[in-house]
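Residue strings, one per chain:
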Amino acid sequence: MNKVGQLGQGGPGILTQMVTRPTVADYFEDLALSSVKSLHLGATHSCAILQDCSLYTWGEASRGMLGHRKYKPPEDSMPPFASFPAQVHFGGAGVKCVSASLGASHTLCVSEEGVIWGMGCNFESQLGLAVGKVEEPFPIQSVKERERSDLTDADKIKFVEVAASDHFSAAISEDGRVWTWGAGFNGELGLYNATLCEVPTETHSNLILSLGGAVAVDVGRSFTLVLTRSGNIIVWGQLRPGCGGGPSAHVLDLPIEAKAIACSNQGAAVSDGTQLWRVSSGTPTTWRVVGGKQQSSGALVWPIEEFNKCSHGVKRLAAGGNTFALISESQELWTWGESIGASEAGNVALSPRVECRLQGTPVRDIAIGVSHAAVVVQKANVQDSASALSDS
């Protein structure tokens, strides 16, 4: 559903429609979408980083997660929203963004200088503050920076990637350490002495650095997944309600050297560029799979053979809500899990399948929210275009 403009297609009428077919986002056509560097979606808001490292946001604005002025809704019962992308100016600070991630109601981005900027809901300290909400972007300080005011720029922590969940956040610093903050009632922060952390705090550094350091981090609803330089996967937290959980870190037993990860609410996908594996909770009997491995963490990992045996390759993984997607080596879009933009409710695919609505169209990038998705496709004239889908 596009009720609060999360598809970036404003105008009367379309805000209440479910979009079941890919629809070009006209606003980005005007901006020359070939300049889009990356797309990121949350529950009801969206953002794009352009090649010039500027940040554009749109969608729901009720908790300030867009980082720019609120827009009055046409009906009193609706939350404030922006139906067209608008640039975030960071108070005139001239910030250039290189990475971003959107939670349910907060937005995080990393600047070229390695500073994390946050905006939106902070009721569970997911912005690295005490409580409340922040409607203007602000720099988030690490615990080291808060304890010492005499640090030079060279001594400050420089971050390279962020990941935002509903109630907590995670980041990687340039030295390969992982930092978490927010609410961690199921161990998702990886901290043994805190379930609520108001400042980015490094966690499980000895294990992570022993495997070469972190090169990617992603988060589900209540767990954190880390990809190390050695190709190992580390997990902590709770994959599914009632299925274990805790702050202890576990290295997953996988027969591949992983290169990409993506987390949904209650599971993850892992790939080495050729094979595709699923990470979830449960037992092999429950999932009726062959080759599944029960982990000490309570997680179950297994190969998705229907995809692997066809040798399509994996260039890009993405996930959001309960949906997964990948871009193959031939730039085909494959999806599985809950279908975004399905005309019928309950449309769930257990194995990856080619997205027929974009079949024959080369896909360059994909982002998935809770109930909407956006892709960047390659057009025949070598110009790029954005398409959007929503679900009810």
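Thresholds, definitions, all that
- Residues numbered from 1 in each chain as written.
- Predicted model: local features only at pLDDT ≥ 70, side-chain atom pairs only at ≥ 80, totals over all residues.
- Heavy atoms only, no water.
- Helix = DSSP H or I, 4+ residues; strand = E, 2+ residues; numbered from the N terminus.
- Buried < 20%, exposed > 50% of the residue type's maximum accessible area, 1.4 Å probe, protein only.
- Contact = heavy atoms within 4.5 Å.
- Areas by Shrake-Rupley, 256 points an atom, 1.4 Å probe, with all protein chains shown as cover.
- Core = buried A, V, L, I, M, F, W, Y, C linked by side-chain atoms within 4.5 Å.
- Phe/Tyr/Trp six-rings, centres within 6.5 Å; stacked < 30°, edge-to-face > 60°.
- Pairing = 2+ DSSP bridges.
- Salt bridge = Lys/Arg side-chain N within 4 Å of Asp/Glu carboxyl O.
- pLDDT = per-residue confidence, 0-100.
- Axes fitted to C-alpha atoms, helices over the stretch in contact; angles between N-to-C directions.

**A few points about the overall build of the protein**
Part 1 of the reasoning: When helices and strands are tallied, the protein shows five helices and 29 strands.
Part 2 of the reasoning: Per-residue burial over the protein gives 56% buried out of 392 residues.
Part 3 of the reasoning: Taking as baseline every contact in the protein between residues at least 6 positions apart, the subset at least 24 positions apart corresponds to 50%.
Part 4 of the reasoning: For the protein, the exposed area adds up to about 16,300 Å²; of that, 49% sits on carbon and sulfur atoms.

**Here we look at the nonpolar core**
Part 1 of the reasoning: Within the largest apolar cluster, 19 residues are counted, with the highest numbers of intra-cluster contacts made by Leu225, Ile233, Leu252, Leu254, Ile261, Val270 and Val279.
Part 2 of the reasoning: Elements with a contribution of two residues or more to this core: β15 (223-228), β16 (233-237), β18 (260-263), β19 (268-271), β20 (276-281) and β22 (299-303).
Part 3 of the reasoning: Per-element accounting of this core gives the leading share, three residues, to β15.
Part 4 of the reasoning: For valine 279, the residues in contact, after removing those within four places along its chain, are Leu239, Leu252, Gly267, Ala268, Val270, Ala299, Leu300 and Val301.

**What about the packing of aromatic side chains?**
Part 1 of the reasoning: Across all of its chains, the model carries four aromatic pairs by this definition.
Part 2 of the reasoning: The interplanar angle of 80 degrees and the centroid separation of 5.3 Å between the aromatic rings of phenylalanine 90 and tryptophan 117 together place this pair among those described as edge-to-face. Taken together, the residues span a long stretch of sequence, with phenylalanine 90 in the loop between β5 (81-88) and β6 (97-102) and tryptophan 117 in strand β8 (residues 116-121) at a distance of 27 residues. Comparing phenylalanine 90 with tryptophan 117 shows no difference in burial state: the two are buried.
Part 3 of the reasoning: Taken together, a centroid distance of 5.3 Å and an interplanar angle of 10 degrees make the contact between phenylalanine 324 and tryptophan 336 stacked. Taken together, the positions of phenylalanine 324 in strand β24 (residues 323-327) and tryptophan 336 in strand β25 (residues 333-338) put the pair twelve residues apart, joining distant regions of the chain. In this structure, phenylalanine 324 and tryptophan 336 share a single accessibility class: buried.

**Notes on the environment of glutamate 198**
Part 1 of the reasoning: You can see glutamate 198 is positioned in strand β13 (residues 196-202).
Part 2 of the reasoning: Accessibility expressed as a relative area gives 38% for glutamate 198, which makes it partly exposed.
Part 3 of the reasoning: Measuring from C-alpha to C-alpha, the distance between glutamate 198 and glutamine 126 comes to 7.5 Å, with 72 residues separating the pair along the chain.

**Focus: the sheet that holds β15**
Strand pairing in a sheet relies on backbone hydrogen bonds, with the paired strands running either antiparallel or parallel.
Part 1 of the reasoning: Taken together, the four strands give an open sheet; going across it, the order is β14-β15-β16-β17, and neighbouring strands pair in antiparallel fashion. Two strands bound the open sheet, and with one partner strand each, they are β14 (214-219) and β17 (250-251).
Part 2 of the reasoning: One ladder, built from five bridges, connects β15 with β16; its direction is antiparallel. What sits directly across from valine 226, in β16, is isoleucine 234.

**Some words on the pattern of salt bridges**
Part 1 of the reasoning: Tallying each qualifying case throughout the model produces three salt bridges.
Part 2 of the reasoning: Put simply, aspartate 365 and arginine 316 hold a salt bridge, and the shortest N to O gap is 2.9 Å. Of this pair, aspartate 365 sits in strand β27 (residues 363-368) while arginine 316 sits in strand β23 (residues 316-320), and the two are 49 residues apart along the sequence.
Part 3 of the reasoning: Here aspartate 365 falls in the buried class, since its relative accessible area comes to 7%.
Part 4 of the reasoning: Among the residues examined, arginine 316 registers a relative accessible area of 30% and is labelled partly exposed.
Part 5 of the reasoning: A cluster of three or more residues bridged by salt bridges with shared partners is formed by Asp175, Arg177 and Glu202.

**As for the pairing of strand β10 (residues 159-164)**
Part 1 of the reasoning: Both β10 and strand β11 (residues 168-173) contribute to a ladder of five bridges, which runs antiparallel. Bridging from a neighbouring strand, phenylalanine 159 pairs with serine 173 of β11.
Part 2 of the reasoning: From the end of β10 to the start of β11, which pair antiparallel, there are three residues.

**Structural notes on the side chain of asparagine 265**
Part 1 of the reasoning: By the element assignment, asparagine 265 lies in the loop between β18 and β19.
Part 2 of the reasoning: Take asparagine 265: its relative accessible area is 14%, and that puts it in the buried class.
Part 3 of the reasoning: Filtering out sequence-adjacent residues up to four positions away, asparagine 265 remains in contact with Gly220, Arg221, Ser222, Phe223, Leu239, Gly321 and Asn322.

**What about the pairing of strand β28 (residues 372-378)?**
Part 1 of the reasoning: In terms of residue burial, β28 counts as a mostly covered element, since six of its seven residues are buried.
Part 2 of the reasoning: Pairing of β27 with β28, which is carried by five bridges, proceeds in the antiparallel orientation. Residue pairing across strands places isoleucine 368 opposite alanine 373, the latter belonging to β28.

**Quick look at the confidence of the model for the protein**
Part 1 of the reasoning: Per-residue pLDDT for the protein averages 82, and the proportion of residues at 70 or more is 78%.
Part 2 of the reasoning: Scored below 50 in pLDDT, residues 283-292 makes 20 contacts in the model with residues more than four places away or belonging to other chains.

**Some remarks on the sheet that holds strand β7 (residues 106-111)**
Part 1 of the reasoning: A sheet is described by the order of its strands in space; here four strands give the open sequence β6-β7-β8-β9, paired in antiparallel fashion. Of all the strands in the sheet, just β6 and β9 (133-140) have a single pairing partner and so form its edges. Strand-to-strand twist in this sheet, taken as the mean axis angle between neighbours without regard to direction, amounts to 15 degrees.
Part 2 of the reasoning: Pairing between β8 and β9: five bridges, direction antiparallel. Paired with glycine 120 across the bridge in β9 is valine 134.

**Describing the environment of serine 222**
Part 1 of the reasoning: Position of serine 222 among the secondary structure elements: in the loop between β14 and β15.
Part 2 of the reasoning: Linking serine 222 and phenylalanine 185, residues 37 residues apart in sequence, is a C-alpha distance of 8.2 Å.
Part 3 of the reasoning: Not counting residues up to four positions away in its chain, the partners in contact with serine 222 are His167, Phe168, Asn186, Glu188, Gly237, Gln238 and Asn265.

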